[in-house]
Amino acid sequence: MITLTKESLKDWSELRKMLPEEILSQYEVQDDKVVLTYEQLKKLSEKLDLSISTILGKSEPSDLNNGIKVSRASEGYKRTSIKNGKEYYTYNHLVTTNVYPTLMPLRVELHVNDNQSVVLNGGHDSTEIVYVTKGTVKMHWENDGHVYDVDLYVGDSAYIHPGISHSFIAAGEDKAELIAINW
Ligand SMILES: [Fe+2]
């Protein structure tokens, strides 16, 4: 049996834009610890696209090939998040590497385009930069109890400080998409 902290598993799943509850519900949880068999650890490692060594916090050989790693468009993990019963984002993983496991680049498709459906995410621990690749993106964020918004156009980028609650929706009828890099 392998024991991990519940917190570390939550952090990894949040970074990978997966649902911590869904991941945790598959294992035996004792207080702040998660107990897994080796088979379960192997499956978890595949699901999170993190090596077993990374999950266990051990050093390991790099997954780079002559200093680089390529991730093909057809091979990445993909998940559509649902907020208030509506499709909100589709997260498409870009390349990840064990030499920088907390680096999480994503292509994000935005499905919502009305202000009434905005759900702020409560903020996350990672730092984030976004870059608009399609359509017009309306970004909402909250600071000191005030909610702000700004329209971002193709080629615009924004920095989001850790802990700042935010959301992205399409500003019009056209499809909107952005690249989000979290680390
Ligand atoms: Fe974010």
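What you are looking at is a predicted structure, and each value in this text was computed from that prediction instead of being measured. (Residues numbered from 1 in each chain as written. Predicted model: local features only at pLDDT ≥ 70, side-chain atom pairs only at ≥ 80, totals over all residues. Heavy atoms only, no water.)

A. Region of the structure containing the sheet that holds strand β11 (residues 165–170). Reading across the sheet, the 3 strands line up as β9-β8-β11 and stay open at both edges, with antiparallel pairing between neighbours. The strands lining the two open edges of the sheet, one partner per strand, are β9 (146–152) and β11. Strand-to-strand twist of the sheet, defined as the mean angle between neighbouring strand axes without regard to direction, takes the value 20°. (Pairing = 2+ DSSP bridges. Helix = DSSP H or I, 4+ residues; strand = E, 2+ residues; numbered from the N terminus. Axes fitted to C-alpha atoms, helices over the stretch in contact; angles between N-to-C directions.)

B. Region of interest: the coordination of the iron ion. Taken together, H124 (NE2), E128 (OE) and H166 (NE2) make up the full set of protein donors to the iron ion, lying 2.0 to 2.2 Å away. Each donor residue of the iron ion belongs to the same chain, with the gaps between them written as H-x3-E-x37-H. In this pair, E128 sits in strand β7 (residues 128–134) while H166 sits in strand β11, placing the two residues 38 residues apart along the sequence. (Donors = N, O, S within 2.8 Å, 3.2 Å for Na, K, Ca; no water.)

C. Spotlight on the domain arrangement of the protein. Entries for the protein in the domain assignment read domain 1 (2–56) and domain 2 (73–182). Taking only C-alpha atoms, the centre of domain 1 and the centre of domain 2 are 24 Å apart. Each partner contributes to the interface: domain 1 provides 10 residues, whereas domain 2 provides 15 residues. Of the roughly 1,000 Å² buried between domain 1 and domain 2, counting both surfaces, carbon and sulfur atoms make up 58%. Its largest share of buried area at the contact with domain 2, domain 1 owes to L15, R16 and K17, together 59% of the area lost on that side. Along the contact surface separating domain 1 from domain 2 lie 3 residue pairs in polar contact (both at pLDDT 80 or more). The element contributing the most residues to the side of domain 1 that touches domain 2 is helix α1 (residues 6–15), with 3 residues. Across the side of domain 1 that touches domain 2, the residue classes tally to 5 nonpolar, 1 polar and 4 charged. (Domains from an automatic or database assignment. Contact = heavy atoms within 4.5 Å. Buried area = accessible area lost by both parts, 1.4 Å probe. Polar contact = N/O pair within 3.5 Å; in protein donor to acceptor, adjacent residues only side chain to side chain. Nonpolar A, V, L, I, M, F, W, Y, C, P; charged D, E, K, R; others polar.)

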